[in-house]
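Okay, here's what each chain looks like letter by letter:
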Amino acid sequence: MTDRREMQFTFDCADPGALAEFWAAALGYQVQAPPAGFATWDEALEAWGVPRERWNDASAVVDPGGAGPRVFFQRVPEPKQVKNRAHLDVRAAPGLQGEARMAALEAEAERLVKLGATRVVRHEPAPPFAAGHIVMTDPEGNEFCLD
């Protein structure tokens, strides 16, 4: 028998709540619901005695269908300083090729810019290995690709 592991992506960031909202919208996820017995996270944090200034120390988003990994956001004191060694690829045009693919990626890039992302560079298709993609950053400068 093989032991199955769950995986979660973790982002170090300055504003976990805001970054969670961005990634929920980007991925079609939702902010993780509060634990059973609590109507809101504020209610849970207050009941647990967490000081108000710590209420935005962490947040998470989850796939509403339960298939994708959880994405966790934790506040850290230092700002992002260098390029990510690992990044997310947001599969915005699966199965599409050529101009149809790039048009779908452009439409998604435009939507994400309105949510606070920054467009970095477009890489044109270069068969046989590269289908074309757009490099972007989230509101805190974390790189990701629209693929």
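Attention here is on the structure that accompanies the text. (Residues numbered from 1 in each chain as written. Predicted model: local features only at pLDDT ≥ 70, side-chain atom pairs only at ≥ 80, totals over all residues. Heavy atoms only, no water.)

### Regarding the nonpolar core
Within soluble globular proteins, side chains that are nonpolar tend to cluster in buried spots.
Step number 1: Among the nonpolar cores identified, the biggest contains 24 residues, and Trp23, Phe73, Leu112, Met136, Phe144 and Leu146 are the most heavily contacted of them.
Step number 2: In contact with phenylalanine 73, not counting residues within four places along its chain, are Phe11, Cys13, Pro16, Leu19, Ala20, Trp23, Asp57, Ala58, Ser59, Ala60 and Val61. (Core = buried A, V, L, I, M, F, W, Y, C linked by side-chain atoms within 4.5 Å. Buried < 20%, exposed > 50% of the residue type's maximum accessible area, 1.4 Å probe, protein only. Contact = heavy atoms within 4.5 Å.)

### Description of the environment of threonine 10
Step number 1: Secondary-structure assignment places threonine 10 in strand β1 (residues 8-13).
Step number 2: For threonine 10, a relative accessible area of 42% translates into the label partly exposed.
Step number 3: Residue contacts for threonine 10: discarding those within four places in its chain leaves Phe72 and Gln74.
Step number 4: Within polar-contact distance, the side chain of threonine 10 engages the side chain of glutamine 8 at 3.4 Å. (Helix = DSSP H or I, 4+ residues; strand = E, 2+ residues; numbered from the N terminus. Polar contact = N/O pair within 3.5 Å; in protein donor to acceptor, adjacent residues only side chain to side chain.)

### Some words on the state of the cysteines
Step number 1: Under the defined criterion, the tally for this structure stands at 0 disulfides.
Step number 2: With no disulfide partner, cysteine 145 has as its closest neighbouring cysteine sulfur the one in cysteine 13, 20 Å distant.
Step number 3: What makes cysteine 145 buried here is its relative accessible area of 10%. (Disulfide = S-S within 2.5 Å.)

### Focus: the sheet that holds strand β3 (residues 58-62)
Step number 1: What the 4 strands build is an open sheet, ordered β1-β4-β3-β2; its pairing is mixed. The open sheet terminates on both sides in strands that have one partner only, identified here as β1 and β2 (30-31).
Step number 2: For β2 and β3, the ladder comprises 2 bridges, and the chain directions are antiparallel. By the bridge assignment, glutamine 30 is partnered in β3 with valine 62. (Pairing = 2+ DSSP bridges.)

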